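A closer look at the structure
Residue strings, one per chain:
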Amino acid sequence: MFSDFKIGFKMLKYSFRIKWMLAAGILFFCVGIVFFGLFQLSHDRVLGYFQGTVYWTLSGMMFCSAITSLGVSNIVQSSSRKKAMHTSVPVCINLCYYLITYILFLLIGLLAWGMSGQGQQPGDIVVYGLMAAVIMVYAVGCLKLFYAAILFLIVTYFPVLWGGAEAICLMLADLPMGAAVCIGLAEILLGAGVQYFLLRLAYRLPVDRAAVTGTLRKYL
């Protein structure tokens, strides 16, 4: 796993529009922190934790897109690690990002409880793991099965945006916090496992022209 992460990190500089993708990823991450901070001022969980979760999960998608875009580069096509760059490396980058942000998410919640006596609910933690897992699965198809990936996002991610998160939080209000942490972690690990399985299945599929910009299409 560490070797895959190291390879992915080194290869990032060859990604298509890497500066734009990294800038977008960092921007989404920072916006997420702002929303988490707003919870301390408003104590509005939808405005604070939920919006922060949305931006942090989208930030991870930017970093994964930077890796998957390497699939059309000559340096990857001629590499002995070509298959890894299409399968295990994107999964490793995604998994590391979401595990790190998951830990940060939990620490922010502990800090909030310590400062104001109000913080995350069990449902907030479960929703974070769920949305991270959905984005990891979406990342499989966004380059090779673009329209299928968009449809998947519409029927999974957006229902959570449109009220599903609040419903989950209400249903899990009495769930022990320790159980919620374990469920959130399990969701992220399951998302990584499904992502790896699907990436291996889609390995030989060509890049979907609908998924790339005009500048990149000339290389397909």
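1. Considering the overall build of the protein chain
- Counting its regular elements, the protein chain contains ten helices and zero strands.
- Along its sequence from the N terminus, the protein chain presents helices and strands in the succession α-α-α-α-α-α-α-α-α-α.
- Relative to its 220 residues, the protein chain shows a buried fraction of 48%.
- The long-range share in the protein chain, meaning contacts at least 24 apart out of those at least 6 apart in sequence, stands at 78%.
- Summed over its atoms, the accessible surface of the protein chain is roughly 10,900 Å², and 72% of this surface lies on carbon and sulfur atoms.

2. A short note on the confidence of the model for the protein chain
- Confidence in the prediction for the protein chain averages 76 pLDDT; 69% of positions are at 70 or higher.
- In the model of the protein chain, helix α10 (residues 214-217) stands out as the element of lowest mean pLDDT, 48, in contrast to helix α9 (residues 177-201), which has the highest, 91.

3. So, the packing of aromatic side chains
- Counted under the stated rule, the structure contains six aromatic pairs.
- Taken together, a centroid distance of 4.8 Å and an interplanar angle of 0° make the contact between F29 and W56 stacked. Residue F29 is located in helix α2 (residues 18-42), and its partner W56 is located in helix α3 (residues 46-68); the two are separated by 27 residues in the primary sequence.
- Residue W56 is classed as buried on the basis of its relative accessible area, which comes to 1%.

4. Quick word on the packing of helix α7 (residues 122-144) against α9
- At a closest axis distance of 8 Å, the pairing of α7 and α9 adopts a crossing angle of 5°. By the angle between their directions, the pair α7 and α9 is classed as roughly parallel.
- When the residues that make up the contact of α7 with α9 are grouped by side-chain class, the tally is 19 nonpolar, four polar and one charged.

5. Some thoughts on the nonpolar core
- With 36 residues, the main nonpolar core has F50, Y98, V127, M131, Y157 and I188 as its most contacted residues.
- Put simply, the parts of the chain that give this core at least two residues each are α2, α3, α6 (88-116), α7, α8 (146-171) and α9.
- The biggest single contributor to this core is α7, with twelve residues.

6. Topic: the environment of A133
- Relative to the helices and strands, A133 resides in helix α7.
- When the C-alpha positions of A133 and G184 are compared, they lie 9.4 Å apart, and in sequence the two are 51 residues distant.

7. Focus: α7
- For α7, with 23 residues, the first-to-last C-alpha span of 35 Å sits near the 33 Å given by 1.5 Å per residue.
- At Y138, α7 shows its maximal bend, which comes to roughly 25°.
- Burial analysis of α7 places 22 of its 23 residues in the buried class, which makes it a mostly covered element.

8. Observations concerning the side chain of Q195
- Along the chain, Q195 turns up in helix α9.
- On the basis of relative accessibility, which here comes to 1%, the residue Q195 falls in the buried class.
- Ignoring any residue separated from it by four or fewer positions in sequence, one finds Q195 in contact with C64, P90, V91, N94, M136, A139 and V140.

Here is what the cut-offs are and how they apply
- Residues numbered from 1 in each chain as written.
- Predicted model: local features only at pLDDT ≥ 70, side-chain atom pairs only at ≥ 80, totals over all residues.
- Heavy atoms only, no water.
- Helix = DSSP H or I, 4+ residues; strand = E, 2+ residues; numbered from the N terminus.
- Buried < 20%, exposed > 50% of the residue type's maximum accessible area, 1.4 Å probe, protein only.
- Contact = heavy atoms within 4.5 Å.
- Areas by Shrake-Rupley, 256 points an atom, 1.4 Å probe, with all protein chains shown as cover.
- pLDDT = per-residue confidence, 0-100.
- Phe/Tyr/Trp six-rings, centres within 6.5 Å; stacked < 30°, edge-to-face > 60°.
- Axes fitted to C-alpha atoms, helices over the stretch in contact; angles between N-to-C directions.
- Parallel < 35°, antiparallel > 145°, perpendicular 65-115°, else oblique.
- Nonpolar A, V, L, I, M, F, W, Y, C, P; charged D, E, K, R; others polar.
- Core = buried A, V, L, I, M, F, W, Y, C linked by side-chain atoms within 4.5 Å.
- Expected span 1.5 Å × (residues − 1).
- Bend = angle between axes of the 7 residues up to and from the residue.

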